[in-house]
Amino acid sequence: MRIAMLGPLLVSGAEIGGARVRSLIVRLALDPGRVVSADRLAGDLWPDDPPAHPQAALQSLVSRARREAPGLIASHPSGYLLDLPPDDVDVWVFERLVRTGQARAALGLWRGRPLADAEGLPFATPPAARLDELRLQALATRIADDLTEAADRAEAADLTEGAGLAEGAADVLAELEGLVAAHPLREPFHALLVRALAGRGRRAEALAAYERVKALLDETLGADPGPELKEAHLAALRDTEQGEGQHLPAPLTSFVGREEDLARLRALLTGGHRLVTLTGPGGVGKTRLALETATGFRRVRLVELAAPSSGMRATPGHASDVRPAPGHASDVRAALGRASDVRAALGRALKTADPVTALRGTGSVLVLDNCEHVVEEAARVAEWLLTEVPDLRIIATSREPLDISGEGTHPVAPLDDEAAVALFGERAAAARPGAVGPSDRADVARICAELDGIPLAIELAAARLRTMPVSVLVGQLGDRLSFRGGRTAQPRHRTLRAVIDWSWELLDEPERELLRGLSVFAGGATLEAALRVCGADVATLSSLVDKSLVGLSGERYTMLETIRRYAGESGEPPLDAHARYYTELAERCEPYLRTGEQVRTLAVLDAEQANLDAALEHTREPLRLFLARVWPWVMRGRRREARERAAEVLRRSTPADGELAYGLAEVIAGQPPSAVVRAADHPAALAAWALADRLGPPGGVVELAETAVARLSCHPDPWTRAAARLMAGIVRFEYGRSGQAEELLVPALDGFHAVGDRWGLAFALYWLSLAAENRGDYAAALEFAERSERPAAEIGGLEALPGPLMFLVRLAQLRARSGDLDGAAAVADRAWEAAHRADDPLGIVRVLHAKGELARLSGDPARARALLREALALAATTPVPPQLEALVNVELARVAEPGPPLRRALELMEGGDDRTVRATVLEAAARALSGTAEPEVVARIAGAAGALRDIPAVTRRLLAELGLSGCHEEAAAGAAMPNPERYALSPLSSP
């Protein structure tokens, strides 16, 4: 057993409840293996308001702790001790690791406030302060080690120290800045911050950081910086003197994310690739990433091949030195013919007419930025330089590769969710401090996702917070293409529309037409779909991929949403061709969903889910596509989605457009089936039974099911025969003939097995499990349930059954009732974790019910009572189905005084539709009354319960169990009672 106190108390293998019990364990764990006197313990645990009988209260606490963590606390004549060695208590291990220099291992133990469960108690204050101090020492040691390792890697690879820092500990600066802010007078952190800034090439900031802390120390303490801080200052001064090899613009904003990109780029450049081209769409951050990568090298030159803002004075190294700057994106193509002198721009950047001689032998890194509009000339110049200068390395940025021998490419993807939100937060704070609050997190995440994680788009959006709150900005996302940047931004970066204009103007007409066509796809497209819908060829599509306007993910061609919107606004996308293609695809796939090809077919439909939804919205034949999609909705249990789509289709159609499909849409939307649906043998008609909210009154449902199974019993399609039997078997179970359900469910299972339908197998097995449970055969019920899991999981279809959590709860209950208590406990624990992870109160009630039953079967009625009462308390504050509350009360009646919980269960189920739960409640009432009520009364209640289960053998078994085997007439009378719950309430209410 181990104890962790560097954060909330954790005791391995035990759940410790109660604040005072946790404080007791914390106190003893501060002196593991040593006796703490009872007086000392009582004084520490109740320092201000001791109980009337401290020793008795202490003994009670110890008893509770022992119940929850057996063997943890030992007694001694003078007190108590924690029966563990110090190495089993994390605070002792932490202190030893810190003092022996193992800082990283020590910090790995830290989870939060030390001794948090004893916070506020005087005995915990000094050790908690000591642990906080040790943590700060460990942090300083670990960060110093990180910086040293970074410097060693940089020296080995001819990088600046900052490059090594970025690869090994990219978050170290943010961490140090937080530590300095939290501990402003702690010099070691300031010294490390100066070192880290200098190592990143931010020497001016390093020197400024030193001056700030120097002034603070003088003002606050009247003291000078210590030796460690002075040494960091001198090192930064030396780096300033030696850092003249980089000729890069100083960044005006922080660099967020991209740690993996930086690491890969530097690995490529130091591992044999002399040319690495960063590709990606406009605004994705290629230039900034290239510059951050270049800061890791000692000798760097930048050659900017894009024009500066119109009207700005030309600066050496800009392409404007060799060609007129286009004033608008439409001028770009005309300017291309004049953009042939990349060599001249290179010469000006290097301040020499002979770049080869200037670069040879220097080990320089050259950044060729924005090559896309002069890509052929840039490629020729890059190849010439690499051939003539063997120790030269080049970082190029372009929306398409330079396509020369030896080139390594690095596609620059949009920021991931975390980095995008962080970037938005930083830029928003700069635009208006306090613009983003804790309540805005969801909106910020949505904004970043809608903007595809494109850094430029995020920065332009964040700038809008100067004039509007986050909630209003969300509503502006539809106008994202007009988001504007600052006054000094280059014209192509002033708005998102201008960013894409820059790329659009570089396309020829077939490329533009294809990009416009691709905008109709939602969620990407396969090669076949792209070519058929858009009428294009592979070469044109490949060209758009090369130019970073279309992405390739696996086998699907994708577009960023921002580009997709731009392309869609540039003309009329092929909506009809798109709808026709996906309607035909759904119709081709639909028959295979009932065969051994089911899994592969579902994968196709899942990949095209967004396109199928979009096609249903704009198709001219909504009923046709709706009919083809009914069965996938059934298989996945997507009742809500099916209802919403049905309602939408009904608004846009009439019966004349397709009588069967229209009737099915009505059923799924909540109306009883029409005659055409009742008579149909189409798979979708059978599917509607599973999705319908109501099929009519119970009598009509039973008649419909029995008529259908008789009519389809000789159908030539084996799947249709199996499906009719399955649906009719379910109707029998639900509507009063549960004892005869297996007569249909077993052949249905065989039929589905023959055709390879996993959905049918899972569904038939699940209902066979319910039928077996209904007749009291828990071993068979468990076997069927476990067998249903695999085929359901293969199609991702547990939601079509009871859902993953419900499945686990039922599995735990069936294992417990079958005698496998250990297996039941393991499954119940999985369900418990899943319910809490999902923050699902209803799920927690279900798991507490199962755990209560398990505790009873394990011989612990006290724990069972506690768990079940906890479930009912939670049910009082959470909407739960009446069946569940009734079952919890039935279980409580088995371990507590049965009258009140059974009365509540009977009241809840009186006149209810769930026959099996009603039977369970009545059976519990009969058992509870068997020793106090008249035998004929008990027999009538037992007979009513048996009638609800529709299995005579169950009734006979219950009567025999109650010693009422001769009361068959009374049981028959009870079976005919219209309201047996009310009848059972009377004797339960009697004194």
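As the structure is a computational prediction, the values presented were derived from the model and not from experiment. (Residues numbered from 1 in each chain as written. Predicted model: local features only at pLDDT ≥ 70, side-chain atom pairs only at ≥ 80, totals over all residues. Heavy atoms only, no water.)

As for the overall build of the protein
The helix and strand tally for the protein stands at 50 helices and 13 strands. In the protein, buried positions account for 51% of the 991 residues. A separation threshold of at least 6 residues defines the contact pool for the protein, and within that pool the share at least 24 residues apart is 68%. Counting every atom, the protein has about 43400 Å² of accessible surface; 51% of that belongs to carbon and sulfur. (Helix = DSSP H or I, 4+ residues; strand = E, 2+ residues; numbered from the N terminus. Buried < 20%, exposed > 50% of the residue type's maximum accessible area, 1.4 Å probe, protein only. Contact = heavy atoms within 4.5 Å. Areas by Shrake-Rupley, 256 points an atom, 1.4 Å probe, with all protein chains shown as cover.)

Describing the pairing of strand 10 (residues 393-398)
Summarising burial for strand 10: 6 of the 6 residues are buried, a large majority. Two strands pair when backbone bridges link them, and strand 7 (residues 275-279) and strand 10 are joined in this way by 5 bridges, in the parallel orientation. Bridge pairing in strand 10 links Thr 277 to Ala 396. Both strand 9 (residues 365-369) and strand 10 contribute to a ladder of 4 bridges, which runs parallel. Across the sheet, Leu 368 pairs through a bridge with Ala 396, a residue of strand 10. This β-α-β element, strand 9 to helix 17 (residues 375-388) to strand 10, shows right-handed connectivity. (Pairing = 2+ DSSP bridges. Right-handed = clockwise from strand over helix to strand, strands pointing away.)

Examining the pattern of salt bridges
Tallied over the full model, the rule gives 59 salt bridges. Between Asp 44 and Arg 27 there is a salt bridge, and its shortest N-O distance comes to 2.6 Å. With Asp 44 in helix 2 (residues 38-45) and Arg 27 in helix 1 (residues 19-29), the pair connects residues that are 17 residues apart, well separated along the chain. Here Asp 44 matches Arg 27 in class, with each residue buried. (Salt bridge = Lys/Arg side-chain N within 4 Å of Asp/Glu carboxyl O.)

What about a negative patch on the surface?
Together, Glu 259, Glu 260, Asp 416, Asp 417 and Glu 418 give the surface a local cluster of negative charge. Those elements that provide at least two residues to the negative patch are helix 12 (259-270) and helix 18 (417-431). Mapped onto the secondary structure, Asp 416 falls in the loop between strand 11 (407-411) and helix 18. (Patch = residues over 30% accessible without salt bridge, like charges linked within 9 Å, V, L, I, M, F, W, Y side chains within 5 Å. Lys, Arg positive; Asp, Glu negative; His and termini not counted. Charge placed at Lys NZ, Arg CZ, Asp CG, Glu CD.)

So, the pairing of strand 4 (residues 73-76)
Both strand 4 and strand 5 (residues 79-82) contribute to a ladder of 4 bridges, which runs antiparallel. Each residue of the ladder has a partner; that of Ile 73, found in strand 5, is Leu 82. In textbook terms, the turn of a hairpin is the stretch between consecutive antiparallel strands, and for strand 4 and strand 5 this stretch comprises 2 residues.

Remarks on the sheet that holds strand 4
If you trace the 3 strands from one edge of the open sheet to the other, you get 3-5-4, paired in antiparallel fashion. Unpaired on one side and paired on the other, strand 3 (36-37) and strand 4 mark the two borders of the sheet. Each of strand 3, strand 4 and strand 5 is contacted by helix 1, which is oriented at about 80° to strand 5, the strand it contacts most. Helix 3 (residues 54-68) contacts strand 4 and strand 5 of the sheet and is inclined by roughly 145° relative to strand 4. (Axes fitted to C-alpha atoms, helices over the stretch in contact; angles between N-to-C directions.)

Things to note about the packing of helix 1 against helix 2
The contact between helix 1 and helix 2 brings their axes to 10 Å, and the two run at 125°. Considering the angle they form, helix 1 stands oblique to helix 2. Regarding helix 1 and helix 2, the two cross each other, and that crossing is right-handed. Contacts from Arg 20, Ser 23, Leu 24, Arg 27 and Leu 28 in helix 1 reach Arg 40, Leu 41, Asp 44 and Leu 45 in helix 2. Split by residue class, the contact of helix 1 with helix 2 holds 4 nonpolar, 1 polar and 4 charged. (Parallel < 35°, antiparallel > 145°, perpendicular 65-115°, else oblique. Left-handed = near helix turned anticlockwise from the far one by under 90°. Nonpolar A, V, L, I, M, F, W, Y, C, P; charged D, E, K, R; others polar.)

Some thoughts on the confidence of the model for the protein
Mean pLDDT over the protein stands at 85; residues scoring 70 or higher make up 88%. Per-residue pLDDT stays below 50 along residues 164-170; that stretch engages in 19 contacts with residues further than four places along the chain or on separate chains. A low-confidence stretch, residues 485-489 (pLDDT under 50), is modelled with 7 contacts involving residues beyond four sequence positions or located in other chains. (pLDDT = per-residue confidence, 0-100.)

With respect to the packing of helix 27 (residues 575-589) against helix 30 (residues 622-636)
Interaxial distance between helix 27 and helix 30 falls to 8 Å at its minimum, and their mutual angle equals 35°. For the pair helix 27 and helix 30, the crossing hand works out as left-handed. Across the interface between the two elements, Tyr 582, Thr 583, Glu 584, Ala 586 and Glu 587 from helix 27 touch Arg 624, Leu 625 and Ala 628 from helix 30. Per-class residue counts for the contact of helix 27 with helix 30 are 4 nonpolar, 1 polar and 3 charged.

Observations regarding the side chain of Arg 142
Here Arg 142 is to be found in helix 6 (residues 125-156). In this structure the side chain of Arg 142 is engaged in a polar contact, spanning 2.4 Å, whose partner is the side chain of Glu 175. (Polar contact = N/O pair within 3.5 Å; in protein donor to acceptor, adjacent residues only side chain to side chain.)

Remarks on unusual backbone geometry
With the exception of glycine, most residues fall at negative phi, and the peptide bonds are largely trans. Look at Asp 403: it is not a glycine, yet its phi comes out positive at around 65°. Its location among the elements puts Asp 403 in the loop between strand 10 and strand 11. A relative accessible area of 67% places Asp 403 in the exposed class. Residue Asp 950 is not a glycine yet carries a positive backbone phi of 60°. Take Asp 950: it is sitting in the loop between helix 47 (935-949) and helix 48 (952-961).

What to know about the packing of aromatic side chains
Tallied over the full model, the rule gives 11 aromatic pairs. Each ring, one from Trp 631 and one from Trp 719, has its centre 5.0 Å from the other, and the planes form 90°; the classification is edge-to-face. With a gap of 88 residues between them, Trp 631 in helix 30 and Trp 719 in helix 36 (residues 718-734) connect regions that are remote in the sequence. Both residues of the pair, Trp 631 and Trp 719, count as buried. Taking the centre distance of 6.3 Å and the plane angle of 65° together, the rings of Trp 719 and Phe 752 count as edge-to-face. With a gap of 33 residues between them, Trp 719 in helix 36 and Phe 752 in helix 37 (residues 742-755) connect regions that are remote in the sequence. The exposure class of Trp 719 is buried, given its relative accessible area of 1%. Positioned over the ring face of Trp 384 is Arg 343, at 4.3 Å from the centre of the ring. (Phe/Tyr/Trp six-rings, centres within 6.5 Å; stacked < 30°, edge-to-face > 60°. Lys NZ or Arg CZ within 6 Å of the ring centre and 35° of its normal.)

As for the nonpolar core
If you look at the biggest cluster of nonpolar residues, it comprises 145 residues, and the most contacted ones within it are Phe 424, Leu 515, Leu 518, Phe 521, Leu 726, Phe 752 and Trp 759. In terms of residue count, helix 38 (residues 758-774) provides more of this core than any other element does, 12 residues in total. Beyond its immediate chain neighbours, meaning those up to four positions away, Phe 521 contacts Ala 529, Ala 530, Val 533, Cys 534, Arg 564, His 578, Tyr 582 and Asn 611. The next biggest cluster of nonpolar side chains, apart from the first, holds 75 residues, and it includes Leu 97, Leu 134, Leu 217 and Ala 232. (Core = buried A, V, L, I, M, F, W, Y, C linked by side-chain atoms within 4.5 Å.)

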